[in-house]
Amino acid sequence: MNYTRSMRIKAFGENMWKNKALLLLILPGFVLIVLFSYIPMGGLVLAFKEFNYTKGIWKSDWVGFDNIKFLFMSGDTAWRMIRNTIGYYVLFRVVGTIANVSLAIALNECRHKYFAKFSQTIMIMPTFISFIAISFIVSGLLADNGYVNNILQSLGFEKIQFYIEPKYWPAILTLVHVWKETGYGSVIYLSALAGMDQEMFEAADIDGANRWQKIRYLTLPMLSSTIAIMTLLSLGNMMHSSTGLFYQVTRNIGALYPATQTLDTYVLNALSEGGSTFGITAGVTFIQSVVGCFMTVVVNLIVRKISPEHSLF
Amino acid sequence: MMNKIKSNQPILTIVLGILTLVAVLPLVLIVIVSFSSTESISLNGFTFFPSSWSLEGWQYVSKYSGQIVQSYIITIYETVVGTILMLLITSMFAYALSRSNWMLTPFLSIFLLITMLFSGGMVSQYIIRTNVYHLKDNLLVLVIPGAMSVYNCLIMRTFIKSNVPESLIDAAKMDGAGEMYLYFKVILPLMKPCLAALGFMAAVGHWNEWQTSMLYISDPDKASLQLLLMRIENSMQYLQNNMENLSIAEIKALQTAPSDSMRMAILCITMGPILIAYPFFQKYFVKGITVGSVKG
């Protein structure tokens, strides 16, 4: 036993020495991960402390679950944020996936290949525009003298004060999300379509299937595994939302919070205002981390069952 | 049957054409507004057909050119340095990780996996970066934390494993190539399509980045373009909300300043480079995304 263990240690040492150049190659990345991923994980203890600037994270006093209790006891903000975060996640997943798959099928069916390529090029463009720019565009469209209100007025309707009324924002944010992400999001489905077996379609042609039947009975079932994998892999980010969309595009306007405040924008807001409530805010990030970890592990167990090559571990 | 297929095509083409227009029209609107005259904007709001054109907005931008050039330099620094560091440090890690006969590989895989499962969250990141590492107002904070990307590392590792045969590495070693020589002269050139796709995405990410700047950079001389845009927006809102506190001259200046066309002109300057560079990188995306099947 001891003999084999020392042998193993020796073999390991030899392997390390032989590949010492590899150690040098991983060194910078290794140090960065420790500094910017592992050490901040330790900082999560802040969720159970009352943060005091002069004492620092490690020496601040423990308060147990007080921060998280306070979060849920003080009004319905916490529930509202959680509802918004998960609600928008589901909404964007459903609408986004339908848009991505439809666009991919449409581009694939288009016989004018150059036109399809051109329109794909244009439709990917919004992906590369920053949310600051998009918030300018959206306010240009929705402001008091914006494009939409001009049209409403010329048609004889009342102007709508979009930046005061929360009820319009689920639709607005979904539209902006679809506008920005669909071109790029369809690429992965398009490449799945390109890899499909063409013989099946030829056989379907011979059997007299029409276009819709082929889409319904061949294309969609073939895409279903890609759709399932993409959906499952996104579940780990369920508690996160794009701060660009929910903080910038909504201009962080308080009147809209009922429909737009998510966990991430709450944290970002607290940080940029630099208040003294770091403990409570850390409580929010703690909940995000725990739920995210749980979802990733569960999802991975499922993915490993249905499609081992896509699993994370 | 052929007839049926043909008869569907025009409708499909028209639908795709409309969607393409929807995708691009907001961008066109920005360019048009940047060239619209102030009277036209205050009279008709944002419109595709302004009653009169003018260069006011762009002239106003040139007044601020000092600040804009400064911000451009910061953004270019962040994009270039951040992207190169990420590609170098991440691909070095990925190459070492791809070597199957290295005994540290299983340990490193778990080391990377944990960071994907669990994160410290924004608050503790913020406090540790400012309180412990003192990165507030330090330009390194824009490029260093993103220099090692775990997700990209796994993509690169998969790419190396499926595109660089182990026998090639063995043969090069037989000829006396050291690991460093192997990495720089054999692996990096072979990784070109993968590096182009991930590099472009990283560059776009850096170019559009605002959150890190907003949280960590308060010195106006270190503001990136996106942060500058945010600042202009906020200060205009501030001025408009506090009209009663301003002197008459200031109100007059505010009313005559081509604020909308100027903002849109700055926006054009900010978005331009990416939209121009992007078509050249497009061919790498499909590859970049499809090699993205992450597996540990």
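Reading guide: rules and limits
- Residues numbered from 1 in each chain as written.
- Chains lettered and ligands numbered in written order.
- Predicted model: local features only at pLDDT ≥ 70, side-chain atom pairs only at ≥ 80, totals over all residues.
- Heavy atoms only, no water.
- Helix = DSSP H or I, 4+ residues; strand = E, 2+ residues; numbered from the N terminus.
- Rg over C-alpha atoms; globule rule 2.2 N^0.38 Å.
- Buried < 20%, exposed > 50% of the residue type's maximum accessible area, 1.4 Å probe, protein only.
- Contact = heavy atoms within 4.5 Å.
- Bend = angle between axes of the 7 residues up to and from the residue.
- Polar contact = N/O pair within 3.5 Å; in protein donor to acceptor, adjacent residues only side chain to side chain.
- 1 Å grid on protein atoms, 1.4 Å probe; cavity = no way out; pocket = protein on both sides within 12 Å on 5 of 7 lines; lining within 4 Å.
- Points joined across faces, edges and corners; volume = space filled by probe spheres on them.
- Nonpolar A, V, L, I, M, F, W, Y, C, P; charged D, E, K, R; others polar.
- Phe/Tyr/Trp six-rings, centres within 6.5 Å; stacked < 30°, edge-to-face > 60°.
- pLDDT = per-residue confidence, 0-100.
- Salt bridge = Lys/Arg side-chain N within 4 Å of Asp/Glu carboxyl O.
- Core = buried A, V, L, I, M, F, W, Y, C linked by side-chain atoms within 4.5 Å.
- Domains from an automatic or database assignment.
- Buried area = accessible area lost by both parts, 1.4 Å probe.

Trainee: Break down the overall build of chain A for me, with residues and values.
Mentor: What chain A contains, in helices and strands, is 15 helices and 2 strands. Its C-alpha radius of gyration of 26 Å places chain A more than 25% over the 20 Å reference for a compact globule of 313 residues. Once the C-alpha set of chain A is aligned to its principal axes, its extents read approximately 75 × 55 × 35 Å. The proportion of buried residues among the 313 residues of chain A is 49%. Nonlocal contacts in chain A, meaning residues at least 24 apart in sequence, comprise 64% of its contacts between residues at least 6 apart.

Trainee: Lay out the overall build of chain B with the relevant residues and their values.
Mentor: Helix and strand content of chain B: 14 helices and 0 strands. Walking chain B from its N terminus toward its C terminus, one meets helices and strands in the order α-α-α-α-α-α-α-α-α-α-α-α-α-α. Counting every position in chain B, which comprises 296 residues, the buried fraction comes to 53%. The contacts in chain B between residues at least 6 apart in sequence include a share of 72% that link residues at least 24 apart.

Trainee: Can you explain helix 11 (residues 211-234) of chain A? Please cite residues and give values.
Mentor: Helical geometry: 3.6 residues make up each α-helical turn, so side chains three or four residues apart lie on a common side. Residue and element names in this part refer to chain A. Of all the bends found along helix 11, the most pronounced is centred on Leu220 and spans about 40°, while Pro221, a proline, follows it within four residues. Among the residues making up helix 11, those that are buried are Arg211, Lys214, Ile215, Leu218, Thr219, Leu223, Thr226, Ile229, Leu232 and Ser234. N-capping of helix 11 is provided by Asn210, with a side-chain oxygen placed 3.1 Å from the backbone N of Trp212.

Trainee: Give a detailed account of the environment of Met295 of chain A, specifying residues and quantitative values.
Mentor: Residues and elements named next belong to chain A. Within the fold, Met295 resides in helix 15 (residues 278-306). Judged by relative accessible area, which is 16%, Met295 ranks as buried. Placed 206 residues apart in sequence, Met295 and Tyr89 show a C-alpha to C-alpha distance of 14 Å. Excluding its chain neighbours within four sequence positions, the residues that come into contact with Met295 are Leu235, Gly236 and Met238.

Trainee: So what's going on with empty space enclosed by the protein? Residues and values would help.
Mentor: Taking a probe equal in size to a water molecule and rolling it over the atoms shows the remaining empty space. All chains considered together, the criterion is met by 3 cavities of 30 Å³ or more. Counted as a void, the largest cavity has a volume near 60 Å³. Taken together, 13 residues make up the lining of the largest cavity; nearest its centre are Ser130 of chain A together with Asn208, Gln226, Thr270 and Met271 of chain B. Secondary-structure elements contributing two or more residues to the lining of the largest cavity are helix 10 (192-208), helix 12 (225-241) and helix 14 (259-290) of chain B. The element best represented in the lining of the largest cavity is helix 14 of chain B, accounting for 5 residues. Residues belonging to the lining of the largest cavity are distributed by class as follows: 9 nonpolar, 4 polar and no charged.

Trainee: Can you tell me about the packing of aromatic side chains, naming the residues and giving the values?
Mentor: Scanning the model with the defined rule gives 24 aromatic pairs over all chains in all. Between Phe72 of chain A and Trp79 of chain A, the ring centres sit 4.9 Å apart and the planes meet at 55°, which makes this aromatic pair tilted. Judged by its relative accessible area of 53%, Trp79 of chain A is exposed. Both rings, one in Tyr126 of chain B and one in Tyr216 of chain B, keep their centres 5.5 Å apart while their planes meet at 40°; by these two values the pair is tilted. One end of the pair, Tyr126 of chain B, is in helix 6 (residues 121-132); the other, Tyr216 of chain B, is in helix 11 (residues 211-216), with 90 residues separating them in the sequence.

Trainee: Any details on the confidence of the model for chain B? Residues and values, ideally.
Mentor: Close reading of the predicted structure is inappropriate where its pLDDT is low. Residue and element names in this part refer to chain B. Looking at chain B, pLDDT values average 83 and 87% of them are 70 or higher. Least confident of the elements in chain B is helix 13 (residues 248-256), whose mean pLDDT is 63; most confident is helix 4 (residues 65-98), at 93. Ignoring residues within four places in sequence, the model shows residues 291-296, a span with pLDDT below 50, making 22 contacts including any to other chains. What the predictor reports for the complex is a pTM of 0.88 with an ipTM of 0.86.

Trainee: Account for the pattern of salt bridges, naming residues and giving values.
Mentor: Residues and elements named next belong to chain B. According to the stated counting rule, one finds 4 salt bridges over all chains in the structure shown. Arg99 is paired through a salt bridge with Glu179; the nearest N and O atoms lie 2.8 Å apart. A residue pair is termed long-range when its members are at least 10 positions apart, and Arg99 in the loop between helix 4 and helix 5 (105-117) and Glu179 in helix 9 (residues 179-190) qualify at 80 residues. Close ionic contact of Glu179 with Lys173 constitutes a salt bridge, the shortest N to O distance being 2.7 Å. A relative accessible area of 7% means that Glu179 is categorised as buried. In the salt-bridge network here, residues are joined through shared partners; they are Arg99, Lys173 and Glu179.

Trainee: Tell me what's going on with the layout of surface pockets, and back it up with residues and numbers.
Mentor: All names here are of chain B. The space that makes up the second largest pocket amounts to roughly 1100 Å³. It is helix 1 (residues 2-34) that provides the largest number of residues to the lining of the second largest pocket, a total of 12 residues. Of the residues in the lining of the second largest pocket, the class split is 32 nonpolar, 4 polar and 2 charged.

Trainee: So what's going on with the nonpolar core? Residues and values would help.
Mentor: Of all hydrophobic cores here, the largest spans 165 residues; its most connected members are Trp169 of chain A together with Tyr95 and Leu112 of chain B. It is helix 4 of chain B that contributes the most residues to this core, 12 residues altogether. Domain assignment of the residues forming this core places at least three in each of domain 1 (2-64) and domain 2 (67-310) of chain A.

Trainee: Can you break down the environment of Val31 of chain B residue by residue, with the values?
Mentor: Residue and element names in this part refer to chain B. Topologically, Val31 is positioned in helix 1. Classification of Val31 as partly exposed rests on a relative accessible area of 38%. Between the C-alpha atoms of Val31 and Met214, which are 183 residues apart in sequence, the distance is 26 Å.

Trainee: Explain the domain arrangement of chain A to me, using residue names and the numbers behind them.
Mentor: All names here are of chain A. We note that the domain assignment places domain 1 (2-64) and domain 2 (67-310) within chain A. Taken over C-alpha atoms, the centre of domain 1 sits 35 Å from the centre of domain 2. At the interface, 8 residues of domain 1 touch 9 residues of domain 2. Roughly 690 Å² of surface becomes buried between domain 1 and domain 2 when both sides are summed, with 71% attributable to carbon and sulfur atoms.

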